[in-house]
Amino acid sequence: MRITELLKRESIGLDVAADSKEEAIDKLVSLMDAGGRLNDKAGYKEGILAREALGSTAIGEGIAIPHAKVEAVKEPGLAAMVVRDGVDYEAFDGSLAHLLFMIAAPAGGADVHLEALSRLSTLLMNPGFKENLIAAKDKDEFLKIIDEAEVARFGAPEGADAGKDGQASDELDGNGQTDGESAGKGKASGGMGGDAKASGGLGGNANASGGYRVLAVTACPTGIAHTYMAAENLENTGKKLGIPLKAETDGSGGAQNVLTREEIAAADAIIIAADKNVEMARFDGKPVIMVPVADGIHKAEELVNRAVSGTVPVYHHTGSEGVSSDSGNDSVGRTIYKHLMNGVSHMLPFVIGGGILIALAFLFDDYSIDPSNFGKNTPLAAYLKTIGEQAFGMMLPILAGFIAMSIADRPGLAVGLVAGMIAKMGATFANPAGGDVNAGFLGALFAGFVGGYIVVGLRKLFSKLPKSLEGIKPVLLYPVIGIFLAAVVTTFINPYMGMINDGLTHFLNGMGGASRIVLGMVLGGMMSIDMGGPFNKAAYVFGTAQLAEGNFEVMAAVMAGGMVPPIAIALCTTFFKKKFTAKDRQSGIVNYVMGLSFITEGAIPFAAQDPLRVIPSCIIGSALAGGLSMAFGCTLRAPHGGIFVLPTIGNPFMYLAAVVAGAAVGCIILGFLKKNVNE
């Protein structure tokens, strides 16, 4: 697929006027929609704004590339807009954006469009390309400039007469090969289309012996644009400095231009310009520089010079499968948090799926048949509750297993899973079958860290074994010794974890009305502090852990607090219209659905735009909802679902009143704090 296949004439805007970043996004989204690429315009815009909330997609030097990969996209596409007077797109270098490309990528399906998107990102780094597009007189000339540049850089489409284009490509590569030969090498290396340089061929950037002094890996979270722009800029900079450099791209379609073992062995240093985890074990013993992907775009010359300076520290792999660009600077607390979140993120599908099935079992059961067997009195209810209990019961082993895997890679998974199961069983040395103690969530959490670090220790211990025994480590030594040691430590610690867990449960059960209300207010408020961050996750994990202990009021307060922020913002955009722009009012409608569905993250774009007013308003509203839920004695057996699990909530009408009251208070406070906007 070529760039011009993704960019329709209807999605091009030339000489457009935009006074703000928000207006530019609105016009680009409309251009994208005009090309028929979207099935939900508002949903796509939400995706764009969510990406912008993480950091501006302006790359500096007059270019911005907003993008989103969401369900709202019907088919992949591009929209382009020229703002000759420029628009402030919050670029790091303070420059105004004159050329904007918006990318729409579907959340699922084939990735045939990724090659064209990577080519566009590559071309934008070439001198003169941006200027020619900005100066285009009409849409046909705009498309022609792109098409000619793509042919010159990557070769003609398959089956076309590429003689002339091949010559141009040969001149660009400077390696004396025909375009067909260059394309062949590019494909042989798993690269993008027929570009040898970007795809693993020599491309004029290798030294005389065919090797590279510097290697690079580039990766961004979406893997659509910045990944390829950083790779292209690093390769171009290496060529300019006379330093042979090859860059591997870890994009949405997988790794391309993959570095070979021989190339790694011969290289002076490795540059990792990435904002997500990349495979690092292969670089053990090599000098490695780790920076954000943006540095590959903006600080390429500094990175290349540093790579060949001889002062880069040597990297030693410690067992983690992937290491992100900032991993070397992580504090102990940050490292522990990342391991914990890896376990929690894998645990939540079991908690949510199992918990909602259990809640549905109570909904479809008849309490009057046998109150002591409520939830399993009817065949349907019994089936739902049995499946739900099995799924819910896996949450503790899964939590421990993936914490251990985050610490020690794949060998840690089995060790952590078994240790988590030992914690769930409550096994002791006096009763290995378990049942005497309730280690619960805390026991499984501890077991995960124990299992992971035991495997790390075994790695170091067995590193002194002969290489002939390397093959038996992951299949025999790690699982057998690791599982045994982790089980022993977990069994030893289970009684102490059980005491802590039982003490917490008794404390919660013994709390009076006022103290329980305070607990509900604290948990509800925490759900709004960072709306998906550490505070939010801590409150949610505490609520789900208390589900297993039968404290259903805690989960009810947590969900009430999490539903408030999007609903409060939606109400505010409805009743305080002068406080918001037209686009914000449109986005506010979507937040009704997100809030009612218990998706707190719907409030993030608004909080990012105006945190000093939005976040305090939401915290107060959420705290009120959580406190009222506790005061009304509301209970919730499902860990998610929002209004859709209302029939399963104890005291449902008062629970709904608590959420409405919290959202209304948050709305009113926000309405008074915000100033009128002048559109």
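Residues numbered from 1 in each chain as written. Predicted model: local features only at pLDDT ≥ 70, side-chain atom pairs only at ≥ 80, totals over all residues. Heavy atoms only, no water.

What follows concerns the overall build of the chain. Broken down by element type, the chain carries 26 helices and 13 strands. Out of the 679 residues in the chain, the part that is buried amounts to 52%. Residue pairs in contact within the chain that sit at least 24 positions apart in sequence constitute 71% of those at least 6 positions apart. (Helix = DSSP H or I, 4+ residues; strand = E, 2+ residues; numbered from the N terminus. Buried < 20%, exposed > 50% of the residue type's maximum accessible area, 1.4 Å probe, protein only. Contact = heavy atoms within 4.5 Å.)

For the structure shown, the criterion picks out two cavities of 30 Å³ or more. Estimated volume of the second largest cavity: approximately 30 Å³. Top element by residues in the lining of the second largest cavity is helix α26 (residues 652–673). It accounts for three residues. Each residue belonging to the lining of the second largest cavity can be placed in one class, and the counts come to six nonpolar, one polar and no charged. (1 Å grid on protein atoms, 1.4 Å probe; cavity = no way out; pocket = protein on both sides within 12 Å on 5 of 7 lines; lining within 4 Å. Points joined across faces, edges and corners; volume = space filled by probe spheres on them. Nonpolar A, V, L, I, M, F, W, Y, C, P; charged D, E, K, R; others polar.)

Along the chain, Tyr367 turns up in the loop between α14 (332–363) and α15 (379–393). Along the chain, Tyr367 and Thr378 lie 11 residues apart, while their C-alpha atoms are 9.8 Å from each other. Tyr367 has contacts with Phe374 and Asn377, leaving out every residue within four places of it along the chain.

Another aspect to go through is the side chain of Thr237. Here Thr237 lies in helix α10 (residues 226–241). Thr237 sits in the buried class, given a relative accessible area of 7%. Once residues within four sequence positions are removed from consideration, Thr237 is found in contact with Ala300, Glu301 and Val304.

Before going further, it helps to examine the nonpolar core. Core analysis: the biggest nonpolar cluster contains 82 residues, and Met347, Met559, Leu636 and Tyr655 have the highest contact counts within it. Among the elements that line this core, the one with the most residues is helix α22 (residues 552–575), at 15 residues. When neighbours within four sequence positions are excluded, Met559 is seen to be in contact with Phe598, Leu636, His640, Gly641, Gly642, Val645, Ile649 and Tyr655. Leu7, Ile63, Ala136 and Ala230 belong to the second-largest nonpolar core, a separate cluster that totals 31 residues. (Core = buried A, V, L, I, M, F, W, Y, C linked by side-chain atoms within 4.5 Å.)

Our next topic: the pattern of salt bridges. This model, assessed by the stated rule, comprises 18 salt bridges. Across the pair Lys27 and Glu23 runs a salt bridge, and its minimum N-O distance is 3.3 Å. Remark: Glu23 and Lys27 occur in helix α2 (residues 21–34); sequence separation between them is four residues, near one turn of the helix. According to the relative accessible area criterion, Glu23 is partly exposed, its value standing at 27%. Here Glu389 and Lys385 are joined by a salt bridge, their closest N and O atoms 2.5 Å apart. One end of the pair is Glu389 and the other is Lys385, both in helix α15 and four residues apart, which spans about a single turn. The exposure class assigned to Glu389 is partly exposed, which follows from its relative accessible area of 32%. (Salt bridge = Lys/Arg side-chain N within 4 Å of Asp/Glu carboxyl O.)

With that settled, consider helix α23 (residues 582–596). Compared with an ideal rise of 1.5 Å per residue, which puts 15 residues at 21 Å, α23 spans 22 Å between its outermost C-alpha atoms and is within 8% of the ideal. Considering bend angle alone, the principal kink of α23 is centred on Val590 and spans about 30°. Phe598 lies just past α23 and shows a positive phi near 60°. (Expected span 1.5 Å × (residues − 1). Bend = angle between axes of the 7 residues up to and from the residue.)

With that settled, consider unusual backbone geometry. A positive phi is found at Asp15, a non-glycine position, where the angle reads about 55°. With respect to the helices and strands, the residue Asp15 is situated in the loop between β1 (7–13) and α2. Exposure remark for Asp15: the relative accessible area of 52% places this residue in the exposed category. Despite not being glycine, Asn651 has its phi angle at roughly 60°, a positive value. Along the polypeptide, Asn651 turns up in the loop between α25 (611–631) and α26. Look at Asn651 and you get partly exposed, because its relative accessible area is 34%.

Attention now moves to the packing of α15 against helix α16 (residues 395–408). The packing of two helices is summarised by the inter-axis angle and the distance between the axes. Packing of α15 against α16 leaves a shortest axis separation of 5 Å and a crossing angle of 25°. One way to sum up the angle between α15 and α16 is to call them roughly parallel. Residues Ala391, Phe392 and Gly393 of α15 form the contact with α16, whose participating residues are Met395, Leu396 and Pro397. Taken together, the residues that form the contact of α15 with α16 break down as five nonpolar, one polar and no charged. (Axes fitted to C-alpha atoms, helices over the stretch in contact; angles between N-to-C directions. Parallel < 35°, antiparallel > 145°, perpendicular 65-115°, else oblique.)

Time to look at the environment of Lys74. Here Lys74 is to be found in the loop between β4 (67–70) and β5 (77–87). In the structure, Lys74 is positioned 31 residues away from Ala105 in sequence and 8.4 Å away in space, judged by C-alpha atoms. Once residues lying within four places of it in the same chain are set aside, the contact partners of Lys74 are Gly36, Arg37, Leu38 and Asn39. At a separation of 3.4 Å, a polar atom in the side chain of Lys74 contacts the main-chain carbonyl oxygen of Gly36. (Polar contact = N/O pair within 3.5 Å; in protein donor to acceptor, adjacent residues only side chain to side chain.)

Predicted coordinates in regions of low pLDDT should not be interpreted in detail. Residue-level pLDDT values for the chain average 80, and 84% of them are 70 or greater. Per-element confidence in the chain is highest for α26, whose mean pLDDT is 94, and lowest for helix α8 (residues 179–188), whose mean pLDDT is 35. Low pLDDT, under 50, characterises residues 161–204; the predicted model gives this stretch 80 contacts beyond four residues in sequence or across chains. Every residue in residues 320–329 scores below 50 in pLDDT, and together they form 27 contacts with partners more than four places removed in sequence or on other chains. (pLDDT = per-residue confidence, 0-100.)

What follows is about the packing of aromatic side chains. Given two aromatic rings, their pairing is described by the distance between the two centres and the angle made by the two planes. All chains considered together, the criterion is met by six aromatic pairs. Summarising the aromatic geometry, the rings of Phe101 and Phe142 are spaced 6.2 Å apart at their centres and angled 40° between planes, so their arrangement reads as tilted. Remark: Phe142 occurs in helix α6 (residues 139–154) and Phe101 occurs in strand β6 (residues 97–106); sequence separation between them is 41 residues. Of the two residues, Phe101 and Phe142, neither departs from the other in class, the shared state being buried. For the ring pair Phe580 and Phe606, a centre distance of 6.3 Å and an interplane angle of 75° mean the geometry is edge-to-face. Taken as a pair, Phe580 in the loop between α22 and α23 and Phe606 in helix α24 (residues 604–609) lie far apart in primary sequence, 26 residues in all. Summarising the burial analysis for this pair, Phe580 and Phe606 share the class buried. Residue placement shows Lys21 over the ring face of Tyr89; its charged tip is 5.0 Å from the ring centre. (Phe/Tyr/Trp six-rings, centres within 6.5 Å; stacked < 30°, edge-to-face > 60°. Lys NZ or Arg CZ within 6 Å of the ring centre and 35° of its normal.)

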